[in-house]
Amino acid sequence: MEYRRLGRTDLNVSLICLGTMTWGQQNTETDGHAQMDYALDQGVNFFDTAELYSIPPRAETQGSTERIIGSWFKSRGTRDKVILASKVVGRSDNTWFRDDGSKAELSRKQIEEAVNKSLKRLQTDYIDLYQIHWPDRPMPWGSNPTIFRHQDGPSHPIAETVEIMTDLVKAGKIRHFGLSNESAWGTMTFLKHADAKGLARVQSIQNAYNLLNRTYEVALAEVTMHENVSLLAYSPLAQGYLTGKYLDGARPAGARTTLFERGQRYENPTAEAAIRKYIALAKEFGLDPAQMALAFVNSRAFVTSNIIGATSMEQLKTDIASIDVTITPELEKRIDAIHVEHCNPCP
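In short, a report on the structure. The shown structure was predicted, so the numbers you read here are calculated from the model rather than taken from an experiment.

**Structural notes on the layout of surface pockets**
Over the atoms, a rolled probe matching the size of one water molecule traces out where space is still vacant.
Next up, step 1: The space that makes up the largest pocket amounts to roughly 1,400 Å³.
Next up, step 2: Contributing to the lining of the largest pocket are 49 residues, with Met21, Ser235, Ala238, Gln239 and Arg256 lying nearest its centre.
Next up, step 3: Listing elements by their share of the lining of the largest pocket, those giving two or more residues are strand S10 (303-308) and helix H10 (313-320).
Next up, step 4: The biggest single contributor to the lining of the largest pocket is H10, with four residues.
Next up, step 5: Looking at the lining of the largest pocket residue by residue, the class counts come to 21 nonpolar, 19 polar and nine charged.

**Considering the pairing of strand S9 (residues 230-234)**
Next up, step 1: Most of S9 is tucked away: four of the five residues are buried.
Next up, step 2: In this structure, strand S8 (residues 202-208) lies alongside S9, joined through five bridges in parallel fashion. Counterpart to Gln206 in the pairing with S9 is Leu232.
Next up, step 3: In this view, the connection linking S8 to its parallel neighbour S9 by way of helix H6 (residues 220-227) has right-handed handedness.
Next up, step 4: The pairing of S9 with S10 spans three bridges and is classified as parallel. Pairing of Ala233 across the sheet is with Asn306, part of S10.

**Quick word on helix H4 (residues 158-170)**
Next up, step 1: Helix length check: H4 (13 residues) gives 18 Å between terminal C-alpha atoms against 18 Å at 1.5 Å per residue, within 8%.
Next up, step 2: Among the residues of H4, Ile158, Thr161, Val162, Ile164, Met165, Thr166 and Leu168 are the ones counted as buried.
Next up, step 3: In the core, the buried residues of H4 are packed alongside strand S5 (83-88), helix H3 (108-122), strand S6 (127-132), strand S7 (174-180) and helix H5 (184-197).
Next up, step 4: Positive phi appears at Gly172, one or two residues downstream of H4, with a value of about 80°.

**Concerning the packing of H3 against H4**
Next up, step 1: It is the contact of H3 with H4, at a shortest axis distance of 10 Å, that shows an interaxial angle of 35°. The handedness of the crossing between H3 and H4 comes out as right-handed. Side by side, H3 and H4 meet where Arg108, Ile111, Glu112 and Val115 of the first sit next to Thr161, Glu163, Ile164, Met165, Asp167 and Leu168 of the second.

**With respect to the sheet that holds S7**
Next up, step 1: Within the closed barrel, the eight strands sit side by side as S3-S4-S5-S6-S7-S8-S9-S10. Their pairing is parallel. On average, adjacent strands in this sheet sit at an angle of 30° to one another, irrespective of strand direction.
Next up, step 2: Two strands pair when backbone bridges link them, and S6 and S7 are joined in this way by five bridges, in the parallel orientation. Bridged to Ile127 within S7 is Ile174.

**Remarks on the pairing of S6**
Next up, step 1: With six of six residues buried, S6 lies mostly within the body of the structure.
Next up, step 2: Relative to S6, S5 runs parallel, the two sharing four bridges. Residue Ser86 lies in a different strand from S6, and its bridge partner there is Tyr130.
Next up, step 3: Handedness of the S5-H3-S6 crossover: right-handed.

**Concerning the nonpolar core**
Next up, step 1: Grouped together as the largest cluster of nonpolar side chains are 80 residues, with contacts concentrated most on Tyr130, Met165, Tyr209, Leu212 and Tyr278.
Next up, step 2: Counting residues in each nonpolar core, the second largest holds ten residues, with Leu6, Leu11, Phe46 and Leu232 among its members.

**With respect to the pattern of salt bridges**
Next up, step 1: Within the structure shown, the criterion is met by 29 salt bridges.
Next up, step 2: A salt bridge links Glu163 to Lys197; its shortest N-O distance comes to 3.5 Å. A residue pair is termed long-range when its members are at least 10 positions apart, and Glu163 in helix H4 and Lys197 in helix H5 qualify at 34 residues.
Next up, step 3: In this structure Lys197 comes out as exposed when scored by relative accessible area, which is 56%.

**What about the packing of helix H1 (residues 29-41) against helix H2 (residues 64-76)?**
Next up, step 1: The contact between H1 and H2 brings their axes to 10 Å, and the two run at 60°. One way to sum up the angle between H1 and H2 is to call them oblique. Classified by chirality, the crossing of H2 by H1 is right-handed. Here Glu29, Gly32, His33, Met36, Asp37 and Leu40 of H1 come into contact with H2, specifically with Ile68, Ile69, Ser71, Trp72, Ser75 and Arg76.
Next up, step 2: Partitioning the contact of H1 with H2 into residue classes produces five nonpolar, four polar and three charged.

**A word on the side chain of Thr49**
Next up, step 1: Turning to its location among the elements, Thr49 is positioned in the loop between strand S4 (46-48) and H2.
Next up, step 2: Non-local contacts of Thr49, meaning those with residues more than four positions away in its chain, are made with Thr20, Thr65, Glu66, Ile69, Leu84, Ala85, Ser86, Lys87 and Leu122.

**Focus on the state of the cysteines**
Next up, step 1: Summed over all chains, the structure comprises zero disulfides.
Next up, step 2: Cys343 takes part in no disulfide bond, and the closest cysteine sulfur to it belongs to Cys346, at a distance of 11 Å.
Next up, step 3: What makes Cys343 partly exposed here is its relative accessible area of 49%.
Next up, step 4: For Cys346, a relative accessible area of 1% corresponds to the buried category.

Rules used throughout
Chains are numbered independently. Their residues run from 1 in the order of the written sequence. Totals for whole chains, interfaces and linings use every residue, but because this is a predicted model, local features are given only for residues with pLDDT of at least 70 and side-chain atom pairs only at 80 or more, for both listing and counting. The side-chain numbers reported here are obtained from all heavy atoms of the structure, hydrogens and water having been left aside. Only protein atoms enter the 1 Å grid used here, on which a cavity is any set of points holding a 1.4 Å probe that cannot leave and a pocket is any open set flanked by protein within 12 Å on both sides along at least five of seven lines; residues with an atom within 4 Å of a point are listed as lining. Grid points are joined across faces, edges and corners, and a volume is the space filled by probe spheres set on the points. The secondary structure listing takes helices from DSSP runs of H or I that are at least 4 residues long and strands from runs of E that are at least 2 residues long, numbered from the N terminus. Each residue receives one of three labels: charged for Asp, Glu, Lys and Arg, nonpolar for Ala, Val, Leu, Ile, Met, Phe, Trp, Tyr, Cys and Pro, and polar for the others, Gly being one of them. Here the term buried applies to any residue with accessible area under 20% of the maximum for its type, exposed to any over 50%, and partly exposed to those in between, with areas from a 1.4 Å probe on protein chains only. Strand pairing is assigned whenever DSSP identifies at least 2 bridges connecting the two strands. Handedness rule for crossovers: strands pointing away from the viewer, path from the first strand over the helix to the second running clockwise, crossover right-handed. A helix's residues, less one, multiplied by 1.5 Å, set its expected span. Only heavy atoms enter the contact rule, under which two residues are in contact if any of them lie within 4.5 Å. Here, axes are lines fitted to C-alpha atoms. For helices the fit covers the stretch in contact, and angles between N-to-C directions go from 0 to 180 degrees. Crossings are sorted by hand: turned counterclockwise from the far helix by less than a right angle, the near helix makes the crossing left-handed, and turned clockwise it makes it right-handed. The nonpolar core is taken to be a set of buried Ala, Val, Leu, Ile, Met, Phe, Trp, Tyr and Cys residues, with the residues joined through side-chain atoms within 4.5 Å. Salt bridge, as applied in this entry: a Lys or Arg side-chain nitrogen positioned within 4 Å of an Asp or Glu carboxyl oxygen. Between 65 and 115 degrees an angle is taken as roughly perpendicular, under 35 as roughly parallel, over 145 as roughly antiparallel, and anywhere else as oblique. By definition, disulfides here are pairs of cysteine sulfur atoms that lie within 2.5 Å.

This is the structure we're talking about:
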């Protein structure tokens, strides 16, 4: 396993991060424990979860993934072997996160409630990396972020959020904090306020990054390289679409899109054409398509950790083994040619 430094911290996280969002719906507690056992044995020391999980979001399953991780910590005594990341939800109309039924927002009261409840579910005294799952302000990350339309709406000032996170660090409840589904402007604004007052600095940003969505390279990759804000890449297989299992409308039993019909982002003619070309390219080079897609993410200098998610042990073993796949200069040139022809069909 390869390890890379998380932001400007003293933490070295595994290149492969174990994503956990299926635990509590697609996967049982027993499944989750088995995945953590295997991942840890393979050198994976970085796990990512959220108060929101499992996915899809439901009131009755909210927090289930953190509870599964907590029971594993308790039964295995492994808390000190894992760098643990979790998240607080951003602004949302959902009311099931807070005890008083309030809509979610990043107020001090709500962030403190969220972290305390996460700590209890996780059966730990601290979270290594506490992330803002999505911004408090209105922004189009959930639809098409490449088409900009300014949106007005309520939000808590970023400067205030930096102060809250700093207080959580001082209290020992979190060691560091990060962002998710954030823009270049948002990231730099967090850094500006932190640097101006000597407060806790953003150490990471967790955004989607894969062969069908390389928009991170447009502005945020430069932020990563100059400001040491680590990219934790999620959805490296584009929700499984880059494996080819959904081509021609296929719906494999038990697969995420089959169960939940949440894959519309990856269902358009341009994406399908690109997927076919990437799969053909992988086969031409004698590679598993999933491993080629993951290895591409692994090979980026601005990626600190690649967040994989698996619903079976077979998938988990394949995904972790992507660290042994090399993206040669010739293969990268061919990948880039497909990217230019079908540029970011699924932003």
